[in-house]
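An overview of the molecular structure
One-letter residues, chain by chain:
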Protein chains: 2
Amino acid sequence: MLHGDAFDPDCPTRLILDRIGDKWSVLVVLSLREGPRRFTRLRDTIGGVTPKVLTQTLRAMEHDGLLTRRVFPEVPPRVEYELTPLGLSLQRPIQAIADWAEENVHEVMAARSTHEQS
Amino acid sequence: MLHGDAFDPDCPTRLILDRIGDKWSVLVVLSLREGPRRFTRLRDTIGGVTPKVLTQTLRAMEHDGLLTRRVFPEVPPRVEYELTPLGLSLQRPIQAIADWAEENVHEVMAARSTHEQS
DNA sequence: CTGTATCCTCGCTGATACTG
DNA sequence: CAGTATCAGCGAGGATACAG
């Protein structure tokens, strides 16, 4: 069954959806679209994220095999994050969501205004 | 700029992503793929959701114009939820995410096991 | 059947400061 | 530069019971 899984609370598919649903993971994937990025670069690109939360997100994604963390033995230290093939494959569906959001944001905001009357 | 928006914390696009990122909204969209459904039917389809949270989710999605809520003046009461055209358009990207999750769940789980050594 | 009301907890988040 | 440490707070989410 192709879709039955997602509705089972104990199915791992739920865990994936939770991870993808994470606010920051989506933005990290989008930020790494065009190649490896360093920590501070990511932090600056993604507005409003604190270092702690960004680290948590990156560690979780590394743990799931979505990206790699490469440390360069330099002074000052340099760390680069890069999507794995698995992470790259996730890029397409996430981009689809992002595109939808940007295309339909006005319609959603309009709907919100309409229902504001009640 | 096509993607700059999503990285701005104050941009409405963020709000959309938050809504889509919501664990239950995604499952509701999937549940309504094949037409209108009643409250209890949704609750049974989506495992592990409490009535309160399901109501909250449905109200929020209605508020955003993603679905309609139709009350039939009957006894016992009957309420049907159905995706609007806007909600239907969201179906495709969400399905893409769900498909990705099901296709790659094993690879992610494998990656998690690997990193468990550390 | 379709919710609402109430209470509670727990975990994420943010702020801030500090380290290798 | 790239994080870690620590703490506080709040609010989403869950359990349970009840109502129209």
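Reference entry: report on the structure contained in this document. Within any chain, residue numbers begin from 1 and follow the written order of that chain's sequence. Throughout, the order in which chains and ligands are written sets their labels, letters from A for the former and numbers from 1 for the latter. Where local features are concerned, this predicted model is filtered to residues with pLDDT of at least 70; where side-chain atom pairs are given and counted, the filter is 80 or more; whole-chain, interface and lining totals use all residues. Calculation of side-chain values draws on the structure's entire complement of heavy atoms; hydrogens and water are dropped beforehand.

Concerning the packing of aromatic side chains
Here the aromatic set is Phe, Tyr and Trp, taking the six-membered ring for Trp, and pairing holds for ring centres within 6.5 Å; pairs whose planes are under 30 degrees apart are stacked, those over 60 apart are edge-to-face, and all others are tilted. Inspection of the entire model under this criterion finds 0 aromatic pairs over all chains. One residue, Arg78 of chain A, lies across the ring of Phe72 of chain A, its end atom 4.0 Å from the ring centre. Geometrically, a lysine NZ or arginine CZ counts as sitting over a ring once it is within 6 Å of the ring centre and also within 35 degrees of the ring normal.

Looking at the protein's contact with DNA strand D
Being near a molecule or strand, for a residue, comes down to having at least one heavy atom within 4 Å of it. Near DNA strand D lie 19 residues; those nearest to it are Thr40, Thr55, Arg69 and Tyr81 of chain A together with Lys52 of chain B. Close to the protein, within 4 Å, the atoms of DNA strand D are drawn from sugar and phosphate at a rate of 67%. Contact between DNA strand D and Arg59 of chain A: a phosphate oxygen at 2.8 Å from a side-chain N or O atom of the residue. Here a polar contact is taken to be a pair of N or O atoms separated by no more than 3.5 Å, where protein atoms must pair a possible hydrogen donor with a possible acceptor and residues adjacent in sequence count only if both atoms sit in side chains. At 2.2 Å from a base oxygen of DNA strand D is found a side-chain nitrogen or oxygen belonging to Lys52 of chain B. Helix and strand assignments follow DSSP, with helices taken as H or I runs no shorter than four residues and strands as E runs no shorter than two, numbered in order from the N terminus. Sorting the residues of the surface near DNA strand D by element identifies helix H3 (39-45), helix H4 (51-63) and strand S3 (78-83) of chain A together with helix H2 (23-31) and helix H4 (51-63) of chain B as the ones contributing at least two each. Only Asp, Glu, Lys and Arg are considered charged, only Ala, Val, Leu, Ile, Met, Phe, Trp, Tyr, Cys and Pro nonpolar, and every remaining residue, Gly among them, polar. Tallied by class, the residues present in the surface near DNA strand D amount to 8 nonpolar, 3 polar and 8 charged.

Remarks on the protein's contact with DNA strand C
Around DNA strand C, 15 residues are found, and the nearest of them are Lys52 of chain A together with Thr40, Arg59, Arg69 and Tyr81 of chain B. When the atoms of DNA strand C within 4 Å of the protein are grouped by moiety, sugar and phosphate amount to 60% of the total. At 2.8 Å from a phosphate oxygen of DNA strand C is found a side-chain nitrogen or oxygen belonging to Arg59 of chain B.

Topic: the relation of the copies chain A and chain B
Copy one and copy two of the chain differ by a rotation about a common axis and a shift along it. By a simple turn and slide, chain A fits onto chain B: the slide is 0.0 Å along the axis, the RMSD is 0.0 Å, and the turn is 180 degrees. The two molecules are tied by a two-fold rotation axis, judged by turn and shift. Proximity to the rotation axis, assessed at the C-alpha, singles out Gly21 of chain A in chain A; its C-alpha lies 1.9 Å from the axis. Comparing contact sets, 100% of the residues at the interface of chain A also lie at the interface in chain B, consistent with an isologous, same-surface contact. When the copies are superposed, the least-squares fit draws on C-alpha atoms of residues that have pLDDT of at least 70 in both. The contact criterion used throughout is that any non-hydrogen atoms of two residues lie within 4.5 Å.

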